[in-house]
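Listed below are the residues making up each chain.
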Amino acid sequence: MVTPEVIRLDVAKLDALMDAFEAKYLHFLDIGKDEFEERDQGALAFYAMRDLLKKMDADAEELCGHMEVCDAIMAASRAKKEGENDG
């Protein structure tokens, strides 16, 4: 089942991969100093992916909060129905 925790774990895995990518690949972009446009596009693509990962993580955190509220409302509703059925 997809939960915010699963999403956050996947984002953390991707973030770790991005760190490794940044440490290795972006270092090599400096070697191709004559290819300014390609180097800049590669760097921009990397940071665009990083920004999307951070947004996904924030969205999952917000979703988790909404789900907790929904769970509390459902539990209260269930308790109320059970109380009405017992009484």
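Look a little higher up for the structure.
What this report covers is the structure whose coordinates are included nearby. (Residues numbered from 1 in each chain as written. Predicted model: local features only at pLDDT ≥ 70, side-chain atom pairs only at ≥ 80, totals over all residues. Heavy atoms only, no water.)

### Observations regarding the environment of V6
Worth spelling out the cut-off: Runs of H or I in DSSP of at least four residues are treated as helices and runs of E of at least two as strands, each being numbered from the N terminus. Three exposure classes are used, based on accessible area relative to the maximum for each residue type with a 1.4 Å probe and protein chains only: buried under 20%, partly exposed in between, and exposed over 50%.
Summarising the element assignment, V6 is placed in helix α1 (residues 4-29). You can call V6 partly exposed: its relative accessible area is 36%. Residues V6 and A60 lie 54 residues apart in sequence; the distance between their C-alpha atoms is 9.1 Å.

### Some words on a negative patch on the surface
Keep this limit in mind: A patch consists of residues whose relative accessible area exceeds 30% and which take part in no salt bridge; residues with like charges are grouped when within 9 Å of each other, and nonpolar side chains (Val, Leu, Ile, Met, Phe, Trp, Tyr) when within 5 Å. All accessibility values rest on the Shrake-Rupley procedure with a 1.4 Å probe; residue burial counts only the protein chains present in the view. What counts as a salt bridge is simple: a side-chain nitrogen of Lys or Arg found within 4 Å of a carboxyl oxygen of Asp or Glu. His is not counted here, nor are the chain ends, while Lys and Arg score as positive and Asp and Glu score as negative. Positions of charges follow a simple convention, taking NZ of Lys, CZ of Arg, CG of Asp or CD of Glu.
Together, D34, E35, E37, E38 and D40 make up a region of like negative charge exposed at the surface. Along the polypeptide, D40 turns up in helix α2 (residues 36-86). When its relative accessible area of 40% is taken as the criterion, D40 is described as partly exposed.

### Regarding the packing of aromatic side chains
Filter applied, for reference: Each Phe, Tyr or Trp ring, with Trp reduced to its six-membered ring, pairs with another whose centre is within 6.5 Å; inter-plane angles below 30 degrees give stacked pairs, above 60 give edge-to-face pairs, and intermediate values give tilted ones.
Enumeration over the complete set of coordinates arrives at 2 aromatic pairs. Between the aromatic rings of F21 and F46, the centroid separation amounts to 5.4 Å while the plane-to-plane angle is 20 degrees, which identifies the pairing as stacked. Separated by 25 residues along the polypeptide, F21 in helix α1 and F46 in helix α2 bring together distant segments of the chain. Geometrically, the ring pair formed by F46 and Y47 is edge-to-face, given 4.8 Å between the ring centres and 85 degrees between the ring planes. Residue classification places F46 among the buried positions, given a relative accessible area of 0%.

### Some words on the side chain of R50
Cut-off, in case you're wondering: By the criterion applied in these results, polar contacts are pairs of N or O atoms within 3.5 Å in which, for protein atoms, one can donate a hydrogen and the other can accept it, and in which residues neighboring in sequence qualify only through two side-chain atoms.
Structurally, R50 can be placed in helix α2. Judged by its relative accessible area of 11%, R50 falls in the buried class. A polar contact of 3.2 Å, which involves the side chain of R50, links it to the side chain of D15.

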